[in-house]
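# Observations on the three-dimensional arrangement
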Amino acid sequence: MAHFTKPAEGSWTELYPHLGTAPVSYQDSIDPEWFEDEREAVFKRSWLNLGRVEQLPRKGSYFTRELDAARTSLIIVRGADDEIRAFHNICRHRGNKLAWTDYPNEEDKGTCRQFACKYHGWRYDLEGELTFVQQEGEFFDLDKSDYGLVPVHLDVWEGFIFVNLADEPEQPLREFLGDLATGLDGYPFGEMTYCYEYVADVGANWKLFIDAFAEFYHAPILHMRQSVAEEASKLAGVGFEALHYEIYEPTAHSVVSSWGGMSPPADPSMVKPIENVLRSGLFGPWDKPEGIDLSTLPAGLNPAEHRAWGTDSFQVYPNMVILIWEPGWYLTYHYWPTAMNRHRFEARLYFAEPKNLAERISQELAAVTFKEFALQDGNTLEATQTMLESGVVREFPLCDQELLVRHLHHTVREQVNDYRAERDVAVAVGR
Amino acid sequence: MSLLPSDFADLEVFADWILPTEDERYAKRLGSTMAEMQSFYDTAFPRLEAIMAHAETVPIGDAAVVSDEDRNLAYLAFSLVTASFPVEAWKQPHVPDSGAAAFPLVSEPGF
Ligand code: FES
Ligand SMILES: [Fe+2]
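Attention in this report is confined to the structure presented alongside it. (Residues numbered from 1 in each chain as written. Chains lettered and ligands numbered in written order. Predicted model: local features only at pLDDT ≥ 70, side-chain atom pairs only at ≥ 80, totals over all residues. Heavy atoms only, no water.)

What follows covers the overall build of chain B. When its secondary structure is counted, chain B shows four helices and one strand. Reading chain B from its N end, one meets helices and strands in the order α-α-α-α-β. For chain B, whose C-alpha radius of gyration is 14 Å, the value lies close to the compact-globule estimate of 13 Å for 111 residues. Expressed as a percentage of the 111 residues in chain B, the buried residues total 48%. Look at the contacts in chain B between residues 6 or more apart in sequence, and 77% of them connect residues 24 or more apart. Carbon together with sulfur atoms contributes 55% to the accessible area of chain B, which is approximately 5100 Å² in total. (Helix = DSSP H or I, 4+ residues; strand = E, 2+ residues; numbered from the N terminus. Rg over C-alpha atoms; globule rule 2.2 N^0.38 Å. Buried < 20%, exposed > 50% of the residue type's maximum accessible area, 1.4 Å probe, protein only. Contact = heavy atoms within 4.5 Å. Areas by Shrake-Rupley, 256 points an atom, 1.4 Å probe, with all protein chains shown as cover.)

Structure representation (structure tokens):
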């Protein structure tokens, strides 16, 4: 029995007829050649979020990102002119990696006045210009202005730093984000900067973890024992139905809107003892942060305008999620492939700065609860990956609550197939 | 020298749960028996309301200086949060079916 209204088409999935309702192939998660083409078709062509402006508080603040997915390393730096720029992390002299400390494959961050190469000492300013060449007179007609760092397209939306590795991005960031951005403009992301950051190395294709967080059909079952017994059996009996799904066409971004939150719960026996004392839980501290105006929310939040609204999970294609919780905080997920069957999963929980130690302890319960859930989610994936790789079963039926899973695989499949078609044409004309 | 604010001297027997990083707290949980966590919980949980009442009077943030005793009290409360999952939900130290999976908090906000 449906508890929430479905669209007139009969299902959420049928709102998007091009997706069909047939079982879906997971070949895209077990084929190494496919994965190589995803690097080109998806990761070298999409705008990718690398973090937030708060990570670069001062002129000269920088961090590096190892982007295995696109086989490069980037430097993101705030210049002397306060502009944030991105460069490939490579010295123009003979290709040494420019910014790193101790271990060349580990990410680096800090504040500096310039970047100096460890190999022969070439130096670059914060805007990427080559400023110093050791024994410059030994070179032949070397014009330093020809040897600046290789720039990468970078733009910022609501404090989120995005890069695009294409020579010329197919569209500007704002157009790429489309209605997702319009719907979230003005949310006080910049006032929620107290950040808990988790990282995991997961033995599964990057799309499988997105799948796991793009549907909550699994939640009443996989996470059953996180709830008190009576509540758990009720949740499993009812199952999960979202309040609303939306794909922001023509972009590939989407949202699933869900009920819940119980902040505070109608009946204290519904939640665990420690949640009652700390007034906090999976949905975060029950008391909204003081000093942040959440009285009017951007139009993209709670799209069904439901009174039981609890959370919206925005899927920023290809590999980011922004999840906003009704009680006034948000989290992000990033899924960075490192191999066909491995990825680095990053989660960052952003709260308002706590005013006293009690608020900090309440946040701790939210953060620890999040980790308990994620450990359950993550381990299931490794079990899924190994069985998918067995090839015993190749196609899988997806239900209406798995619309965004269907959509993700559809979008990636389309992009890789388009890329392959272009490449074949290029080969045929002998380019 | 006491480790905790004087009102919470009774909790000093659990000084080994005063751990400043999530890494240490999670390792301590995995390395403890259910009996050990149950006894920590049975003593500390009834004191949590008092801990929160006290913690509300401790400002944190830019200008605030948190005393070592208050800081330790917070770390003890964080450990209680961690131990509450085995005690209240799992009946075992680790998350069921989480196997060898690790999910460290690589950057913990300070106070
Ligand atoms: S490779 Fe950088 S100075 Fe030679
Ligand atoms: Fe989950």
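Before going further, it helps to examine the coordination of the iron ion (ligand 2). Residue and element names in this part refer to chain A. Coordination of the iron ion (ligand 2) by the protein involves His218 (NE2), His223 (NE2), Asp377 (OD) and Asp377 (OD), with metal-donor separations of 2.1 to 2.6 Å. Around the iron ion (ligand 2) sit four donor atoms, and with donor-metal-donor angles ranging over 53 to 140 degrees the site reads as irregular. In the primary structure, the donors to the iron ion (ligand 2) are separated according to the pattern H-x4-H-x153-D. Remark: Asp377 occurs in helix α7 (residues 357–390) and His218 occurs in the loop between α3 (206–214) and α4 (219–222); sequence separation between them is 159 residues. (Donors = N, O, S within 2.8 Å, 3.2 Å for Na, K, Ca; no water. Tetrahedral: all angles 85-135°; square planar, octahedral: opposite > 155°, others 65-115°.)

Counting residues at the interface gives 36 residues for chain A, matched by 44 residues for chain B. Interface area, chain A with chain B, both sides summed: about 3700 Å², of which 68% is carbon and sulfur. When residues of chain A are sorted by the area they lose upon contact with chain B, Arg225, Leu357 and Leu375 of chain A head the list and together hold 18% of the total. Across the contact surface, chain A and chain B share three salt bridges. In this structure, Arg25 of chain B and Glu364 of chain A form a salt bridge, with 3.3 Å as the shortest nitrogen-oxygen distance. (Buried area = accessible area lost by both parts, 1.4 Å probe. Salt bridge = Lys/Arg side-chain N within 4 Å of Asp/Glu carboxyl O.)

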